[in-house]
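Okay, here's what each chain looks like letter by letter:
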Amino acid sequence: MTDVVLLDLDGTLVDSWPGALHALTDAFAGVGLDLPDEALLRSFIGPPIHDSVARAGIPDDAVGTFMARYQRALDERGNLMARVFDGVPEALEALRAAGARLVVATAKPHARAVPLLAHVGLAPLLDGVFGAPDDESESKGRIIGRALASLPTGSRVLMVGDREHDVAGAREHGVGCVGVLWGFGDRAELESAGARAVVDAPAALAPAVLRLLGA
């Protein structure tokens, strides 16, 4: 039986906050809106961008410009500002050493996720990457579904993520999720969404995942 760990990207493997802040600052300025408070800005990281834009109250006639500015700023500089969380490579290496396959399932567009993972040096530790289409129109559940469809029949699977969308997307397919606290969600959010475990440091991730997989 194959053990597979599906991994969120932003807030789970990498700290994408500096690049996201850079891109959001440019996008809000580009449509003539004041920059919201940090809590609202940080809520952009994780969910599909269309959900975040709606929640932020961007006027309908400004959404196209906002999205274009945001995406251009990410492509030109923002993605290169991401850094791997301390301890994450070691956690991934421990999971691989235990025989698990590691597959990224992210709401970030696939065209951005793949070069970002190469840039930060995580690509050699991964067995696959499933991201959103360029227009970011897919839900996290649909992205996870595509990842699951690629796996061998009978695989034991667990999701790892930092936001409620990771937990809910996995639950759509009957997959449990381990929540992590070094990203952009908090314990209450993850536990309320139904995370099977919540860990507060990368060193605790592999033991928690392997325990739940029964490895």
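It should be noted that the structure appears before, not after, this text.
Residues numbered from 1 in each chain as written. Predicted model: local features only at pLDDT ≥ 70, side-chain atom pairs only at ≥ 80, totals over all residues. Heavy atoms only, no water.

1. Observations concerning the overall build of the chain
Part 1 of the reasoning: Tallying secondary structure elements over the chain gives ten helices and eight strands in all.
Part 2 of the reasoning: Its C-alpha atoms give the chain a radius of gyration of 17 Å, near enough to 17 Å, the size a compact globule of 215 residues would have.
Part 3 of the reasoning: With the C-alpha coordinates aligned to their principal axes, the bounding extent of the chain is approximately 55 × 35 × 30 Å.
Part 4 of the reasoning: Here the chain holds 215 residues, and 53% of them are scored as buried.
Part 5 of the reasoning: In the chain, 67% of the contacts between residues at least 6 apart in sequence involve partners at least 24 apart.
Part 6 of the reasoning: In the form shown here, the chain has an accessible surface area of approximately 9,100 Å², with 50% of it arising from carbon and sulfur atoms. (Helix = DSSP H or I, 4+ residues; strand = E, 2+ residues; numbered from the N terminus. Rg over C-alpha atoms; globule rule 2.2 N^0.38 Å. Buried < 20%, exposed > 50% of the residue type's maximum accessible area, 1.4 Å probe, protein only. Contact = heavy atoms within 4.5 Å. Areas by Shrake-Rupley, 256 points an atom, 1.4 Å probe, with all protein chains shown as cover.)

2. Description of the pattern of salt bridges
Part 1 of the reasoning: Under the defined criterion, the tally for this structure stands at 13 salt bridges.
Part 2 of the reasoning: Notably, a salt bridge pairs Asp-10 with Lys-108, separated by 3.3 Å at the nearest N-O pair. Taken together, the residues Asp-10 in the loop between β1 (3-7) and β2 (14-15) and Lys-108 in strand β4 (residues 101-109) connect sequence positions 98 residues apart. A single burial state applies to Asp-10 and to Lys-108, both of which are buried.
Part 3 of the reasoning: Linked by salt bridges that have partners in common, Asp-8, Lys-140 and Asp-166 make up one network. (Salt bridge = Lys/Arg side-chain N within 4 Å of Asp/Glu carboxyl O.)

3. Structural notes on the environment of Gly-32
Part 1 of the reasoning: Among the secondary structure elements, Gly-32 is positioned in the loop between α1 (17-30) and α2 (38-42).
Part 2 of the reasoning: As a C-alpha pair, Gly-32 and Gly-46 span 14 residues in sequence and 25 Å in three-dimensional space.

4. Digging into helix α7 (residues 140-149)
Part 1 of the reasoning: Where burial is concerned, most of α7 is hidden: seven out of the ten residues are buried.
Part 2 of the reasoning: Of all the positions in α7, only Lys-140, Gly-141, Ile-143, Ile-144, Gly-145, Ala-147 and Leu-148 are classed as buried.
Part 3 of the reasoning: Looking at the packing, one finds that the buried side of α7 touches β1, β4, β5 (128-132), β6 (156-161) and α8 (164-171).

5. Some thoughts on the sheet that holds β4
Part 1 of the reasoning: The strand order β5-β4-β1-β6-β7-β8 describes an open sheet built from six strands, whose pairing is parallel. A single partner strand is all that each edge strand has here, and the edge strands are β5 and β8 (197-199). Within this sheet the neighbouring strands show an average axis-to-axis angle of 25 degrees, counted without direction.
Part 2 of the reasoning: Here β6 runs beside strand β7 (residues 176-180); their pairing, made up of four bridges, is parallel. Note that in β7 the partner of Met-159 across the bridge is Cys-177.
Part 3 of the reasoning: Relative to β4, α7 is tilted by about 145 degrees, and along the sheet it contacts β1, β4, β5 and β6. (Pairing = 2+ DSSP bridges. Axes fitted to C-alpha atoms, helices over the stretch in contact; angles between N-to-C directions.)

6. What to know about the nonpolar core
Part 1 of the reasoning: Counting residues in hydrophobic clusters, the biggest one holds 33 residues, and the most contacted among them are Val-5, Leu-7, Leu-13, Leu-205 and Val-209.
Part 2 of the reasoning: Within the residue set of this core, elements represented by two or more residues are β1, α5 (88-97), β4, α6 (110-119), β6, β7 and α10 (205-213).
Part 3 of the reasoning: The leading source of residues in this core is α10, at six residues.
Part 4 of the reasoning: One finds Leu-6, Ala-105, Ile-143 and Met-159 within the second-largest nonpolar core, a separate group that totals 22 residues. (Core = buried A, V, L, I, M, F, W, Y, C linked by side-chain atoms within 4.5 Å.)

7. Regarding α8
Part 1 of the reasoning: What α8 keeps buried is the set Asp-166, Val-167, Gly-169 and Ala-170.
Part 2 of the reasoning: Buried positions along α8 lie against α7, β6, β7 and α9 (187-193).

8. Digging into the packing of α1 against helix α4 (residues 63-76)
Part 1 of the reasoning: Their axes nearest at 8 Å, the elements α1 and α4 cross at an angle of 145 degrees. Considering the relative orientation of α1 and α4, their crossing is right-handed. Taken together, the residues of α4 that come into contact with α1 (itself represented by Gly-19, Ala-20, His-22, Ala-23, Leu-24, Asp-26, Ala-27, Phe-28 and Gly-30) are Thr-65, Phe-66, Arg-69, Tyr-70, Ala-73 and Leu-74. (Left-handed = near helix turned anticlockwise from the far one by under 90°.)

9. Details of the side chain of Thr-106
Part 1 of the reasoning: As for its position among the elements, Thr-106 is in strand β4.
Part 2 of the reasoning: Exposure remark for Thr-106: the relative accessible area of 1% places this residue in the buried category.
Part 3 of the reasoning: In this view, Thr-106 contacts Leu-9, Ala-113, Phe-130, Gly-131, Ala-132, Lys-140 and Ile-143; residues no more than four positions away in its chain are not counted.

Interpretation note: all reported values are geometric properties and have no functional meaning in isolation.
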